[in-house]
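Here are the chains, one letter per residue:
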Amino acid sequence: MSDLLRRLRGRGWRMTSQRRVVAEVLDGDHVHLTADEVHARATERLPEISRATVYNALGELVALGEVAEVTTDGRAKRYDPNAHHPHQHLVCSGCGLIRDVHPTGSPLAGLPPEERFGFTLSGVEVTYRGLCPACAQGGGGGPAGARE
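Just so it is clear, the model here is predicted, and its values are computed rather than measured.

Some points on the pattern of salt bridges
Then, in step 1: One pass over the structure, following the stated rule, counts nine salt bridges.
Then, in step 2: For the salt bridge of Arg11 with Glu66, the shortest nitrogen-to-oxygen distance reads 2.9 Å. Pair noted here: Arg11 is in the loop between helix H1 (3–10) and helix H2 (17–26) and Glu66 is in the loop between helix H4 (51–64) and strand S2 (68–70), with a separation of 55 residues, a long-range link.
Then, in step 3: The partly exposed category is assigned to Arg11, whose relative accessible area is 45%.
Then, in step 4: By relative accessible area, Glu66 is classed as buried at 3%.
Then, in step 5: Linking Lys77 and Glu69 is a salt bridge whose minimum nitrogen-to-oxygen distance equals 3.8 Å.
Then, in step 6: What makes Lys77 partly exposed here is its relative accessible area of 42%.

Written out as structure tokens, the structure is:
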């Protein structure tokens, strides 16, 4: 059973076949799919699943804090099932591929006290940008939500 499914069962989330398929599609590392990509993959497993059902399930997962919404390009929201594992994102400026990265040290420590303007810091979001190996070689990369 996947980590996401295990967490959802532990929370008592009613596991319909449609919700299970959405959770299964989101399972894994480096998963950052759009709602349309989740729907496309879900229909491969459960052809009758509707787009509205996928959107509703994603909204519930975000509201539960089990999936994070990620916006890296100012356009489509992507859904990241690693909401319980602190990480940052590395985004390819060419193809849009997103990878989870885990820098050492606290990113909160990078902001000196005089630059905090009295704020009590509770979190930080950092996005690293560059070219993936395929784009750097001119061959184009994989789809933006690709898994490995």
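Observations concerning the environment of Pro86
Then, in step 1: Looking at the element boundaries, Pro86 is found in the loop between strand S3 (78–80) and strand S4 (88–92).
Then, in step 2: Residue classification places Pro86 among the exposed residues on the basis of a relative accessible area of 75%.

Quick look at the pairing of S4
Residues in a regular strand project their side chains so that they alternate between the two faces of the sheet.
Then, in step 1: Along S4, four of the five residues are buried, which leaves the element largely enclosed by surrounding structure.
Then, in step 2: Of the pairings in the sheet, the one linking S4 to strand S5 (residues 98–101) comprises four bridges and is antiparallel in character. In the strand pairing of S5, His89 is matched with Asp100.
Then, in step 3: The antiparallel pairing of S4 with S5 creates a hairpin that spans five residues between the two strands, and Gly96 there sits at a positive phi of about 90°.
Then, in step 4: Sheet topology places S4 next to strand S6 (residues 127–130); four bridges connect them, and they run parallel. When the bridges of S6 are listed, His89 appears paired with Thr127.

With respect to the packing of H2 against H4
Then, in step 1: At a minimum axis separation of 10 Å, H2 and H4 run at an interaxial angle of 70°. What the angle tells us is that H2 and H4 run roughly perpendicular. Read as a crossing pair, H2 and H4 show a hand that is right-handed. Along the contact surface, H2 presents Gln18, Arg19, Val22 and Leu26, while H4 presents Thr53, Val54, Ala57, Leu58, Glu60 and Leu61.
Then, in step 2: Residues that form the contact of H2 with H4 fall into these classes: six nonpolar, two polar and two charged.

Cut-offs used in this document
Residues numbered from 1 in each chain as written. Predicted model: local features only at pLDDT ≥ 70, side-chain atom pairs only at ≥ 80, totals over all residues. Heavy atoms only, no water. Salt bridge = Lys/Arg side-chain N within 4 Å of Asp/Glu carboxyl O. Helix = DSSP H or I, 4+ residues; strand = E, 2+ residues; numbered from the N terminus. Buried < 20%, exposed > 50% of the residue type's maximum accessible area, 1.4 Å probe, protein only. Pairing = 2+ DSSP bridges. Axes fitted to C-alpha atoms, helices over the stretch in contact; angles between N-to-C directions. Parallel < 35°, antiparallel > 145°, perpendicular 65-115°, else oblique. Left-handed = near helix turned anticlockwise from the far one by under 90°. Contact = heavy atoms within 4.5 Å. Nonpolar A, V, L, I, M, F, W, Y, C, P; charged D, E, K, R; others polar.

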